[in-house]
Amino acid sequence: MSATTASATGESLTLSEKQRRILEYLRDNADTQTYFKSRLIGDELDLSAKEVGSNMTAIQESDLGLDVEKWGYSSSTTWKVTA
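Per chain, residue numbering runs from 1 following the sequence as it is written. Local features in this predicted model are restricted to residues whose pLDDT is 70 or higher, and side-chain atom pairs enter the listing and the counts only when it is 80 or higher, whereas totals over whole chains, interfaces and linings include all residues. Only hydrogens and water are set aside; all other atoms, that is, all heavy atoms of the structure, feed into the side-chain values.

## Remarks on the packing of helix 1 (residues 17–29) against helix 3 (residues 49–60)
For any two helices packed against each other, the geometry is given by the interaxial angle and the distance between the axes.
Point 1. Taken N-terminus to C-terminus, the directions of helix 1 and helix 3 make an angle of 80°; their axes are 9 Å apart at the nearest point. Classified by the angle between their axes, helix 1 and helix 3 sit roughly perpendicular to one another. Contacts from K18, Q19, I22, L23 and L26 in helix 1 reach E51, V52, N55, M56, A58 and I59 in helix 3.
Point 2. Among the residues forming the contact of helix 1 with helix 3, the class breakdown is 7 nonpolar, 2 polar and 2 charged. In this analysis an axis means a line fitted to C-alpha atoms, helices contributing only their contacting stretch, and an angle means the value between N-to-C directions, from 0 to 180 degrees. By the criteria applied, helices consist of DSSP H or I runs no shorter than four residues and strands consist of E runs no shorter than two, each listed in order from the N terminus. Put simply, angles under 35 degrees are roughly parallel, angles over 145 are roughly antiparallel, angles from 65 to 115 are roughly perpendicular, and the rest are oblique. Working rule for contacts: check all heavy atoms of both residues, and any pair within 4.5 Å makes them a contact. Three residue categories are used. Nonpolar comprises Ala, Val, Leu, Ile, Met, Phe, Trp, Tyr, Cys and Pro, charged comprises Asp, Glu, Lys and Arg, and polar comprises the others, including Gly.

Following this line, the structure appears as structure tokens:
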């Protein structure tokens, strides 16, 4: 299942269900948190750290109102997310 989401530039982007769930989680928490570990996102969304990491690429490369940067690799990939 996929859905089309309008980006900040007006382009449309098709995200998978997992990508939409990750994006929603990041948007909900970006106000109070800057760094996110793939493992911890996965724990919250019932996904593996590998699933989170492989789906973060689509979010990272999109213009969806969040800046996502791969930040560190110790004990799980850490992502720096700013709104």
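Once the structure has been displayed, the description carries forward.
## Observations regarding the pattern of salt bridges
Close approach of charged atoms allows side chains of opposite charge to pair.
Point 1. Within this document, salt bridges are pairs made up of a side-chain nitrogen of Lys or Arg and a carboxyl oxygen of Asp or Glu, the two lying within 4 Å of each other. One pass over the full model with this rule turns up 2 salt bridges.
Point 2. Its salt-bridge partner being E17, residue R20 comes within 2.4 Å of it at the nearest N-O pair. One end of the pair is R20 and the other is E17, both in helix 1 and 3 residues apart, which spans about a single turn.
Point 3. Two residues, E51 and K18, come together in a salt bridge whose shortest N-O distance is 2.6 Å.

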